[in-house]
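Close look at the chain arrangement
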Amino acid sequence: MNDKELNEVLNLLSQAGLQPMVCDTQVPLSKVPVKCGQPVIPGDREADDYVMLPKALVGTHPEIFVPAVGDSMTGANFEEGDRLRIQLGAACRDGDNVLVWIDGSCTVKTFFQDEDGMQWLVPQNEAYDAILLTGQYDVRLLGRVVGVEKASPRSSFCDCQKYVRRAKTKLKMARQLTTEQVDGVLREMGAEVKHARQWYAVYRALADHQLVDEGTMASFCERVANLLPSHDHLPTARELQRMAVQSFSKPVSLWSPVNAPVSGVRFNDYLRIARLTAAKLAELSAELPF
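Anyway, here's the lowdown on the structure attached to this text. Values in this document were obtained by computation on a predicted structure and should not be read as measured data.

Description of the nonpolar core
The biggest cluster of nonpolar side chains holds 35 residues, and the ones touching the most others in it are Trp199, Tyr200, Val202, Leu206, Phe220, Phe248 and Trp255. Elements supplying a minimum of two residues to this core: α3 (179–189), α4 (199–208), α5 (217–227), α6 (237–243) and α7 (264–286). Beyond its immediate stretch of four places on either side in the chain, leucine 206 contacts Val182, Leu186, Leu211, Val212, Phe220 and Leu281. Core analysis: the next-biggest nonpolar cluster, separate from the first, contains 13 residues, Ala68, Phe78, Leu99 and Val148 among them.

Focus on the packing of α4 against α5
Relative to each other, α4 and α5 sit at 115°, their axes nearing to 11 Å. Taken together, the axes of α4 and α5 are roughly perpendicular relative to one another. For the crossing formed where α4 meets α5, the hand is right-handed. Touching Trp199, Tyr200, Val202, Tyr203 and Leu206 of α4 are Met217, Phe220 and Val224, all from α5. Per-class residue counts for the contact of α4 with α5 are eight nonpolar, no polar and no charged.

Here we look at the packing of α3 against α4
At a minimum axis distance of 11 Å, the contact between α3 and α4 shows a crossing angle of 155°. Between α3 and α4, the angle is such that the two are roughly antiparallel. Classified by chirality, the crossing of α4 by α3 is right-handed. Contacts from Val182, Leu186 and Met189 in α3 reach Trp199, Val202 and Leu206 in α4.

Parameters and conventions
- Residues numbered from 1 in each chain as written.
- Predicted model: local features only at pLDDT ≥ 70, side-chain atom pairs only at ≥ 80, totals over all residues.
- Heavy atoms only, no water.
- Core = buried A, V, L, I, M, F, W, Y, C linked by side-chain atoms within 4.5 Å.
- Buried < 20%, exposed > 50% of the residue type's maximum accessible area, 1.4 Å probe, protein only.
- Helix = DSSP H or I, 4+ residues; strand = E, 2+ residues; numbered from the N terminus.
- Contact = heavy atoms within 4.5 Å.
- Axes fitted to C-alpha atoms, helices over the stretch in contact; angles between N-to-C directions.
- Parallel < 35°, antiparallel > 145°, perpendicular 65-115°, else oblique.
- Left-handed = near helix turned anticlockwise from the far one by under 90°.
- Nonpolar A, V, L, I, M, F, W, Y, C, P; charged D, E, K, R; others polar.

Put into structure tokens, the structure is as follows:
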């Protein structure tokens, strides 16, 4: 199409009440996916390709396109294969979908600050829990999503409140479980553990629910040994500490097969045990009187 033909098309679109713009500005495109679920290690800073956009739509902040994978942001209409347009360095507010760096990994979630001043990364899928940002993590908001192939890239304030309240309720209920109830879960999980290091998945789920203090692996191992003295695969603090690295050093909701001390079927086994432990705790919590 030559310039004359292009101008004719633009005029026709304008007469139809549209506002056409010529895509004449390059925006970098990365082929490294950003996980909408578990985080992944960000790739090389060099762009793999470029997408052309109208200059009027490109702001003063640098921008990059990244493909999305995972399902934790389906409520925001981010689906596998979508290309997310990220405005790097832009200020973020409640409800913005953001690209976040957490201890060397990147993920996309919704940023939200609750009434207590606590900051959260909120998924848009009820299968995932909101993540409370604490001082133990190296967290940096790299930028916000300003465009996607779907409709609105923002999430509603009400949805954020719903997910955060649910996460708070789960933490509150878990703290009210008795020692006997937690011991019962440990006995049940003994049937799922097929080698000693898998007890780390149980320990991590308890730590996420604030039912054990992080760093108390020795006392956890002693507790398991007292409850299940005949178990074939009793844990040791040294073995569990070897698992508390990379994404496994974080809450289960941040575990990633891309950055974990185990991979493949073994990773799936650890994740299954951790989630099963959390499900059993949630089931007991639901029975508490309020």
